[in-house]
Amino acid sequence: MKKSLSVSLVMSLVIGLLALGAAPAYAYTAPNTDIQKILTDTNNARKANGLSPLILSSSLTELAQDWSATQASENRMYHNPSYSREMPSGWSRAAENVAYGYAVNAVVNGWMNSAGHKANILGSFNYIGIGVAYSSNGRPYYTQNFGRYSSNPDPAVPIPAVPTERLSGADRYETAARISQANFAPGVSTVYIASGENFPDALAAGAAAGAGDNPVLLTAKNSLPSSIATELKRLKPQKIIILGGTGVISSTLEKTLSSYSTSGIQRIAGIDRYETAALVSEDYFATAATVYLASGANFPDALSAVPVASVEESPILLVQQNAIPQAALKELQRLKPASIVLLGGDATISGAVATKARTITPNVTRLGGVDRYETSSLISKSEFSGAGKTVYITSGQNFPDALSGGAPAGIKNSPVLLVQGNSLPQATLLELKRLKPSKVIALG
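Numbering of residues starts from 1 in every chain and runs along the sequence as written. This being a predicted model, a pLDDT of at least 70 is required before a residue's local features are given, and a value of 80 or more before pairs of side-chain atoms are given or counted; all residues contribute to the totals for chains, interfaces and linings. In computing side-chain properties, one takes all heavy atoms of the structure into account and sets aside hydrogens as well as water.

**Student:** Even after reading the chapter, I still don't get the packing of helix H11 (residues 300-312) against helix H14 (residues 372-383), so can you show me in this structure?
**Tutor:** The geometry of a pair of packed helices is captured by two quantities: the angle between their axes and the separation between those axes. Here an axis means a line fitted to C-alpha atoms, over the contact stretch when the element is a helix, while the angle between two N-to-C directions is reported on a 0 to 180 degree scale. What counts as a helix is a DSSP run of H or I of at least four residues, what counts as a strand is a run of E of at least two, and both are numbered from the N terminus. Two numbers describe how H11 lies on H14: the axes approach to 8 Å, and their chain directions differ by 5°. Judged by the inter-axis angle, H11 sits roughly parallel to H14. Within the contact between the two elements, H11 uses Pro300, Asp301, Ser304, Ala305, Val308, Val311 and Glu312 and H14 uses Arg372, Thr375, Ser376, Ile379, Ser382 and Glu383. Each residue belonging to the contact of H11 with H14 can be placed in one class, and the counts come to five nonpolar, four polar and four charged. An angle counts as roughly parallel when it lies under 35 degrees, as roughly antiparallel when it exceeds 145, as roughly perpendicular when it falls between 65 and 115, and as oblique in every other case. Pairs of residues are marked as contacts when any of their non-hydrogen atoms sit within 4.5 Å. When residue character is reported, Ala, Val, Leu, Ile, Met, Phe, Trp, Tyr, Cys and Pro are called nonpolar, Asp, Glu, Lys and Arg charged, and the others, Gly included, polar.

Below, the structure written as structure tokens:
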């Protein structure tokens, strides 16, 4: 494929912002993982030269994406003659790189082998926008917009003025009990009991619990927290399903739990978290049109996927970064899904997993942003639309609070979005603005 590069640099005082028009039609935009890859490669080049990483700006990325789309629609590479005027105001230095024809994993190397482009990548900038679009014949067009700003160029997005409720307790166990109490009436068919000390088993069960209109509660290994015991007495479940082996929930506690169910207790446990997730899927899902693959090493991406999977009645299986464990692969072969969705970017689930997944179905897609907050928003956007929904928000830095919230969110056809400490990341704010919720429920 033919490849080419072009470079432009502007240094000036502040120039006013121009409104961007709609981009012309083009074949298709790149997945967010392409943008993430280019950002990673760009910042790795800066790190190798002792420079600070660039911050991905949503405003600059919108500008860059529109210009890549324009180039792709015309099937020719050229600079945006107005990029410096269309950038958010307040910059003291600006530059643009464009290219076409390179593979996404090679374009930054191509720029770095060109003196002018390299100067931009290693320039005195602190923000970047990245755009990738493909022409109708599959040729990729790339744009990088660089800016130096004294403050964040992205406009603040107003938090929607909606009623807010908080479900929290003194600890993770009481929080789980309060989430259950707010959403489930006595007489549920099943209660899933998972370890509150780690995330994998509860996340894997969330989709099955939500699809079956059942809660997930948390416990310590050897003793039942009093808040959970009180909630089990209230729920009077027909059956209790323990998730994980005796290494996470002891046999002594299993005997204690048996007294809270009216018709028996069941344990679903594999040799590891990957097999346990596969066994949960096998226990509940006879078939599935879609299967979600999430990292078994980290929690954020699966948190937001639980309500989506619940609504679609789809399982969540856990995978390693570079491989699909045998238990998960066997379950995929049993389910024979029409589509598989990878959750997170290449750094979380690599292209090797995508390649292996395509041996099950050619329809393999990815929901992955530049960070866990954008990934959460993309997962929400893939399923939920329309105003008036309840939206759940929870910490993207800690897992316990949301472990019990995913199932009821799915039952209520509501998304779970991630927040960062006491702040709302830009991606979360934009998704809240799009959803226009009637109510926001904070978990924890």
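**Student:** It is not clear to me how the side chain of threonine 219 should be interpreted in this structure. Could you clarify?
**Tutor:** Along the polypeptide, threonine 219 turns up in strand E9 (residues 216-219). Burial classification: accessible surface area is computed with a 1.4 Å probe over protein chains only, and a residue below 20% of its type maximum counts as buried, one above 50% as exposed, and the rest as partly exposed. For threonine 219, a relative accessible area of 0% gives the class buried. Beyond its immediate sequence surroundings of up to four residues, threonine 219 is in contact with Tyr173, Ile193, Ala194, Ser195, Gly196, Leu224, Pro225, Ile249 and Leu253.

**Student:** Just checking my understanding: could you explain the pattern of salt bridges for this structure?
**Tutor:** Opposite charge on two side chains lets them pair, provided their charged atoms get close. A pairing counts as a salt bridge when a side-chain nitrogen of Lys or Arg comes within 4 Å of a carboxyl oxygen of Asp or Glu. Scanning the entire structure with this criterion turns up nine salt bridges. Linking glutamate 174 and arginine 178 is a salt bridge whose minimum nitrogen-to-oxygen distance equals 2.7 Å. Within this pair, glutamate 174 and its partner arginine 178 are both found in helix H6 (residues 172-183), separated by four residues, close to a single helical turn. For the salt bridge of arginine 267 with glutamate 254, the shortest nitrogen-to-oxygen distance reads 2.9 Å. One end of the pair, arginine 267, is in strand E11 (residues 265-268); the other, glutamate 254, is in helix H9 (residues 251-258), with 13 residues separating them in the sequence. Taking the relative accessible area as the measure of exposure, arginine 267 reaches 23% and is therefore partly exposed. Glutamate 254 sits in the partly exposed class, given a relative accessible area of 23%.

**Student:** Please clarify how the confidence of the model for the protein chain should be interpreted in this entry.
**Tutor:** Fine structural detail should not be taken from predicted coordinates in areas where pLDDT scores are low. Overall, the prediction assigns the protein chain a mean pLDDT of 87, with 91% of residues at 70 or greater. The weakest mean pLDDT in the protein chain belongs to strand E2 (residues 28-29) at 40; the strongest belongs to helix H12 (residues 326-335) at 98. Looking at any residue, its pLDDT shows the predictor's confidence there, from 0 to 100. Within the model, pLDDT remains below 50 along residues 9-31, and this stretch shows 61 contacts once partners closer than five positions in the same chain are excluded.

**Student:** How do you make sense of the packing of aromatic side chains when you look at a structure like this?
**Tutor:** Remark: the centre distance and the inter-plane angle together describe each pair of aromatic rings, the angle taken between the planes. Between 30 and 60 degrees the pair is tilted, below 30 it is stacked and above 60 it is edge-to-face, where a pair is any two Phe, Tyr or Trp rings, Trp via its six-membered ring, whose centres lie within 6.5 Å. Tallied over the full model, the rule gives six aromatic pairs. Where tryptophan 67 meets tyrosine 78, the ring centres are 4.9 Å apart and the plane angle is 75°; that geometry is what we call edge-to-face. Of this pair, tryptophan 67 sits in helix H2 (residues 58-74) while tyrosine 78 sits in the loop between H2 and helix H3 (83-86), and the two are 11 residues apart along the sequence. Considering the side-chain rings of tyrosine 284 and phenylalanine 285, the 4.9 Å spacing of their centres and the 80° angle between planes classify their relative orientation as edge-to-face. Phenylalanine 285 gets classed as buried once you look at its relative accessible area, which sits at 4%. Charge-over-ring placement is defined geometrically: NZ (Lys) or CZ (Arg) within 6 Å of the ring centre, and within 35 degrees of the ring normal. Of note, arginine 76 hangs over the ring of tyrosine 78, and the distance from its end group to the ring centre comes to 3.8 Å. Against the face of phenylalanine 299 rests arginine 372, its NZ or CZ located 5.9 Å from the ring centre.

**Student:** What should I look at first to understand the environment of isoleucine 340 in this one?
**Tutor:** Within the secondary structure layout, isoleucine 340 lies in strand E14 (residues 339-343). Residue isoleucine 340 is classed as buried on the basis of its relative accessible area of 0%. C-alpha of isoleucine 340 to C-alpha of valine 391: the two residues are 51 residues apart in sequence and 25 Å apart in space. Sequence-distant contacts of isoleucine 340, that is, excluding residues within four places in its chain, are made with Val291, Leu293, Leu332, Ala357, Ile360, Thr361, Asn363, Val364 and Thr365.

**Student:** How do you make sense of the pairing of strand E10 (residues 239-243) when you look at a structure like this?
**Tutor:** Looking along a regular strand, one sees side chains alternate from face to face of the sheet. Buried residues dominate E10, accounting for four of its five residues. Note: two strands are recorded as paired if DSSP finds a minimum of 2 bridges between them. Where strand E8 (residues 190-195) lies against E10, four bridges are found, and the strand directions are parallel. Bridge pairing links threonine 190 to lysine 239 in E10. Looking at chain direction, E10 and E11 are connected through four bridges and run parallel. Directly across from leucine 243, in E11, lies its bridge partner isoleucine 268.

**Student:** Even after reading the chapter, I still don't get the nonpolar core, so can you show me in this structure?
**Tutor:** Within soluble globular proteins, side chains that are nonpolar tend to cluster in buried spots. The criterion is simple. A nonpolar core is a set of buried Ala, Val, Leu, Ile, Met, Phe, Trp, Tyr and Cys residues joined through side-chain atoms within 4.5 Å. Membership of the largest hydrophobic core comes to 87 residues, with the highest contact counts inside it found for Leu232, Leu293 and Ile324. In terms of residue count, helix H7 (residues 200-211) provides more of this core than any other element does, eight residues in total. Once you skip the residues sitting within four places of it in the chain, isoleucine 324 turns out to touch Leu293, Val319, Leu329, Leu332, Val353, Lys356 and Ala357. Grouped together as the second largest cluster of nonpolar side chains are 21 residues, Ala45, Ile130, Val132 and Tyr134 included.

**Student:** Even after reading the chapter, I still don't get the sheet that holds strand E13 (residues 316-319), so can you show me in this structure?
**Tutor:** For sheets, the rule is that strands pair by backbone hydrogen bonds, running either parallel or antiparallel. Within the open sheet, the four strands sit side by side as E13-E12-E14-E15. Their pairing is parallel. Two strands in the sheet have a free side with no partner beyond their single neighbour: E13 and strand E15 (364-367). Strand-to-strand twist of the sheet, defined as the mean angle between neighbouring strand axes without regard to direction, takes the value 30°. The pairing of strand E12 (residues 290-295) with E13 spans four bridges and is classified as parallel.

**Student:** Hey, could you run me through the side chain of aspartate 41 in this one?
**Tutor:** Among the structural elements, aspartate 41 can be located in helix H1 (residues 32-48). For aspartate 41, a relative accessible area of 16% puts it in the buried group. Aside from chain neighbours lying at most four places away, what touches aspartate 41 is Val104, Asn105 and Val108.

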